[in-house]
Each structure stands twice: as C-alpha cells, then as structure tokens.
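# Secondary and tertiary structure notes
Residue-level listing of the chains:
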Amino acid sequence: MNLIQNILDDVIRDRIENYSDLTEKEIEEKLDKFLESIPDLLDDISLVVKKTLDKNSSKMLKEHRHIRKYFEKRHNRLWKKGLDLLETFIVISYEAGEDFNNSFREEAAKNNDFVFDTLTRLHARSVQVAYEVLSLLRSGFADGAHARWRTIHEISVVGLFINKYGQDVAERYLLHEVIESYKAMNQYQKYCARLGQQPYAVDELNSIKSTRDKLVDKYGKDYCVQYGWANNALDRKSVV
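Here, residues in each chain are numbered from 1, in the same order as that chain's written sequence. At least 70 in pLDDT is required for a residue's local features to be given in this predicted model, at least 80 for side-chain atom pairs to be given and counted, and no such filter applies to totals for whole chains, interfaces and linings, which use all residues. The side-chain quantities take in all heavy atoms of the structure and omit both hydrogens and water.

### A short note on a negative patch on the surface
In this analysis, a patch consists of residues with relative accessible area above 30% that form no salt bridge, clustered at 9 Å for like charges and at 5 Å for the nonpolar side chains Val, Leu, Ile, Met, Phe, Trp and Tyr. What sets the accessible areas is the Shrake-Rupley method with a 1.4 Å probe; for residues, cover comes only from the shown protein chains. Salt bridge criterion: a side-chain nitrogen from Lys or Arg within 4 Å of a carboxyl oxygen from Asp or Glu. By the counting rule applied here, Lys and Arg register as positive and Asp and Glu as negative, while His and the ends of each chain are not counted. Throughout, a charge is located at the NZ atom of Lys, the CZ atom of Arg, the CG atom of Asp or the CD atom of Glu. A cluster of acidic residues, E24, E26, E28, E29, D32 and E36, forms a negative patch on the protein surface. Secondary structure follows DSSP: runs of H or I at least 4 residues long count as helices, runs of E at least 2 residues long count as strands, and numbering of each begins at the N terminus. As for its placement among the helices and strands, E29 is situated in helix α2 (residues 24-36).

Rendered as structure tokens:
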C-alpha cells in the first residue's frame, strides 16, 4: 500500500504547482484544469504503477511468500493432529470408492445401472471437494473450508435422494447436465464478445439445443428449471 501511495504522490506532485502565492480565483482555475486532466492522470498513474510493479514484483512476491510459508508451517504444526486425521479420512474414502467402482463397474454397465453411475460420480466429486477443504484448512482459510464442506453435504443429500428414488431419477439427473450446459453456453454466447473470446459455432449450439429440446419433450418444460431432475419424484413443478 505504501508503494502505491508513494507513486500517486509523485505523479500528482508533478501535475500540481505550489499554490501558496496564488489568489483564490487562480487556485480555482488551476484546480479546474487539474480535474479536467484526471483521465490523463489516471493513464499516467497506471503506466507508472505497472512499470514499478514489473520492476519490484519479484521482490514483493518473495517477501510475501516467505511470510505465508512461515504462517503455514506454524499453522500446520499447531493443527497437525486434526489435519492428519481429516486427510486419513479422505484417503480411506477415496480408496473405498475406488475399490467399489472397480469391483462393480462392469456389472453396472451391463445392467445400465444409472444409480450406480450417478453415485460413483457424486462420490468422486465429494472426494475432490474434500481435498479442496483440506488445502484451505492447511493454508488457514477456515471460512472457505467451511463453505466447501457445505458443498460436500449438498452432494451427500443429492446422493441419498437419488439412491432412495432409483433409476428414473438417476437417469434424469445425469441427463440434466445437458440442460445446465445449454444455459451456460447461452450465457457465454451473450457476453463472449465483451470478454474478448470467440463465440460457439452455430452448429454446436444447435446440436445441444436439439438434445435439450428432446429432453423437454420427454420430461416436460419443468425439467429445465434448477433441480428439475427431481420434480417428478416429488410431484412438483419446481423444487426451489
């Protein structure tokens, strides 16, 4: 913060003369001119800041990485028992899921078992998020870790729901990815030009729209809403 403030002071000092010997009217005129020059001033500031950061960023990052490394070392030493216990739990869960998948994947594929496919995917996703939680905790970001842990809870709820209601809901859940992808593609298409990105090809959009329309014909228009895959099981038009 001190570095940026010093840069600002230097640039502004170059633009403003000493006002001590000026009349009030002259000061107002100079201030008006200064205010008019602010857009150019901001450009100057940006260039100076960039040049300074390009020159000093390596030193700055080295200093802050050293501070972060020291904090994490002390933090992990203090919470080692709990962090190691969590990591052990995650590894056990990962290996149990891996063994289960390897043992029953072939049979599930033969039976077109949507529940098996969905639950193994959800389990893999929960393990991934659990590792994110662990990384956040090791770095001292407890609030972020708590938010990601809530995601694991949500994944568990979805898994229990699908396991309870069976194959039809599991299939609807898997296919609902097309609905979400179509929404995301339309959002991207709307703003890609502003982001300086290339739009999707028309054929690509039409292809996923065609698949999406077939799902709507099969399951109804309420299938398109968030959690629409669960509507039929709960006999509702919308879950949310």
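Picking up where we left off.
### Comments concerning the nonpolar core
Side-chain atoms within 4.5 Å are what join buried Ala, Val, Leu, Ile, Met, Phe, Trp, Tyr and Cys residues into a set we call a nonpolar core. Relative accessible area decides the class of each residue, using a 1.4 Å probe on protein chains only: under 20% of the type maximum gives buried, over 50% gives exposed, and in between gives partly exposed. Grouped together as the largest cluster of nonpolar side chains are 31 residues, with contacts concentrated most on I90, I162, L215, Y223 and W229. Breaking this core down by element, the ones donating at least two residues are α4 (80-110), α5 (114-138), α6 (142-165), α7 (167-195) and α8 (202-219). It is α5 that contributes the most residues to this core, seven residues altogether.

### Observations regarding α8
A helix's residues, less one, multiplied by 1.5 Å, set its expected span. Across its 18 residues, α8 extends 25 Å between first and last C-alpha, which sits within 8% of the 26 Å expected from 1.5 Å per residue. Every buried residue of α8 is accounted for by L205, I208, L215, V216 and Y219. Viewed end-on, α8 has its buried residues packed into an arc of 100 degrees, placing them on one side of the element. More than 90 degrees from the buried face of α8, the exposed residues found are V202, D203, K214, D217 and K218. In what follows, a contact means two residues having at least one pair of non-hydrogen atoms within 4.5 Å. Buried residues along α8 sit against α7. In the stretch just after α8, G220 is the one whose phi turns positive, near 100 degrees. Each direction from the helix axis to a C-beta atom contributes to the arc, which is the arc of those directions.

### Regarding α7
Over its 29 residues, α7 runs 41 Å from end to end, which matches the ideal 42 Å to within 8%, given 1.5 Å per residue. Every buried residue of α7 is listed here: V169, A170, R172, L174, H176, V178, I179, Y182, M185 and C192. Once α7 ends, the next one or two residues include G196, with phi positive near 75 degrees.

### Looking at the side chain of N76
Structurally, the position occupied by N76 is in helix α3 (residues 38-78). Relative accessible area serves as the criterion here: at 17%, N76 is assigned to the buried category. Looking at N76, its side chain comes within polar contact range of the main-chain oxygen of E72, at 2.6 Å. Not counting residues within four places of it along the chain, the set of residues in contact with N76 comprises L83 and R138. Any pair of nitrogen or oxygen atoms within 3.5 Å is treated as a polar contact; in protein, a donor-acceptor pairing is required on top of that, and neighbouring residues in sequence qualify only through side-chain atoms on both sides.

### Describing the environment of S126
By the secondary structure assignment, S126 is in helix α5. For S126, a relative accessible area of 15% translates into the label buried. Each C-alpha atom of the pair S126 and H153 lies 8.7 Å from the other, and the pair is 27 residues apart in sequence. Ignoring anything within four residues of it in the chain, the contact list for S126 reads I152 and I155.

### So, a positive patch on the surface
Among the surface-exposed residues, K69, K73, R74 and R77 lie close enough to one another that they form a single positively charged patch. Locating R74 in the fold gives a position in helix α3.

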